[in-house]
Amino acid sequence: NELYQREGFNPMAGSCMPLLFQLPILWGLYGVVREPLKYVLQIPSALLDALTEVAKTTLNLSSRGLAYIEPALIANIDKLISKIPQTAALYPQEIQKIRDFDFTVFGIDLGAVPDFSTIRNFGSSTTQAKILLLIPLLSFATSMLTSVLSQMRQKKNNPNMENQQMMGCMMLMMPLMSLWFTFQFPAGMGMYWILSNIFAFFQTLILGHVYAPRKTIARLMVDETIYRRSYEATKKTTHAEENDE
């Protein structure tokens, strides 16, 4: 703590800064996974508007489904274009792009949103809904693992650290936030969160090993000893040359 105060370092602020840096990435990623036809395939707005209007009356979409409607357009493209033959005739290439577009990774639809009701109705839920449920669970697990590792290292490096209770709350709060967010946003966001947590975990392990405080202090002590002895030897040599003169 004295070292933190002397160097003007706030460990709490340091742990929050990476999250702030990720915000622009998350905002951009959210737009892409929510509207892939608009931002990835760049489908004309006239065709998208026509498909959206038909989907609202043809497909049985929930309020969440309406908020994330483009994945539904991709899944039901042939059914929807049959309702708008005149508009569809103007965009044959764009419609074929939508047909060929694969917005899945490992069988997971990146634009689909995990539903908490899948837990209550697990037996009757679809396979896709069960797979989507893995996203929030893995996000929570990887975030908790990373938080536990970070706190363990901080306790090891600074056993007399103050605000232990606050650090414990932070350790639980971040995984819970991760769990809640991944139930609110498309699966693509959750997969990004999971990969970020895994990267942060191994980054913490590697940096903790390479830049362990004891190793760092030992290296600094060796460097300081070499510098001091070199300085003393140079000083003695200079003094001897002055006496010879």
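Fair warning: this is a prediction, and the values are worked out from it, not measured in the lab.

**Things to note about the nonpolar core**
With 36 residues, the main nonpolar core has L37, I43, L51, L73, L80 and I98 as its most contacted residues. No other element matches the six residues that helix α4 (residues 45-58) contributes to this core. In contact with I43, other than residues within four places in its own chain, are L37, K38, L48, E94 and I98.

**Comments concerning the pattern of salt bridges**
This structure, assessed with the given rule, holds two salt bridges. Here E53 ties to K56 by a salt bridge, and the two come within 3.9 Å at their closest N and O atoms. Note that E53 and K56 are positioned in helix α4 at a spacing of three residues, about one turn of the helix. A salt bridge links R99 to D78; its shortest N-O distance comes to 2.6 Å. Here D78 lies in helix α7 (residues 77-81) and R99 lies in helix α9 (residues 92-100), a separation of 21 residues in the sequence. What makes R99 partly exposed here is its relative accessible area of 39%. Look at D78 and you get partly exposed, because its relative accessible area is 45%.

**Let's talk about a nonpolar patch on the surface**
Residues L195, I198, F202, L205, I206 and V210 make up a contiguous nonpolar surface patch of about 530 Å² in total accessible area. Checked against the element boundaries, V210 lands in helix α13 (residues 187-210).

**Observations concerning unusual backbone geometry**
Even without being a glycine, Q42 presents a positive backbone phi close to 55°. Classification of Q42 as exposed rests on a relative accessible area of 62%. Positive phi, normally seen in glycine, also occurs at F106, with a value near 55°. Judged by its relative accessible area of 77%, F106 falls in the exposed class.

Calculation criteria
Residues numbered from 1 in each chain as written. Predicted model: local features only at pLDDT ≥ 70, side-chain atom pairs only at ≥ 80, totals over all residues. Heavy atoms only, no water. Core = buried A, V, L, I, M, F, W, Y, C linked by side-chain atoms within 4.5 Å. Buried < 20%, exposed > 50% of the residue type's maximum accessible area, 1.4 Å probe, protein only. Helix = DSSP H or I, 4+ residues; strand = E, 2+ residues; numbered from the N terminus. Contact = heavy atoms within 4.5 Å. Salt bridge = Lys/Arg side-chain N within 4 Å of Asp/Glu carboxyl O. Patch = residues over 30% accessible without salt bridge, like charges linked within 9 Å, V, L, I, M, F, W, Y side chains within 5 Å. Areas by Shrake-Rupley, 256 points an atom, 1.4 Å probe, with all protein chains shown as cover.

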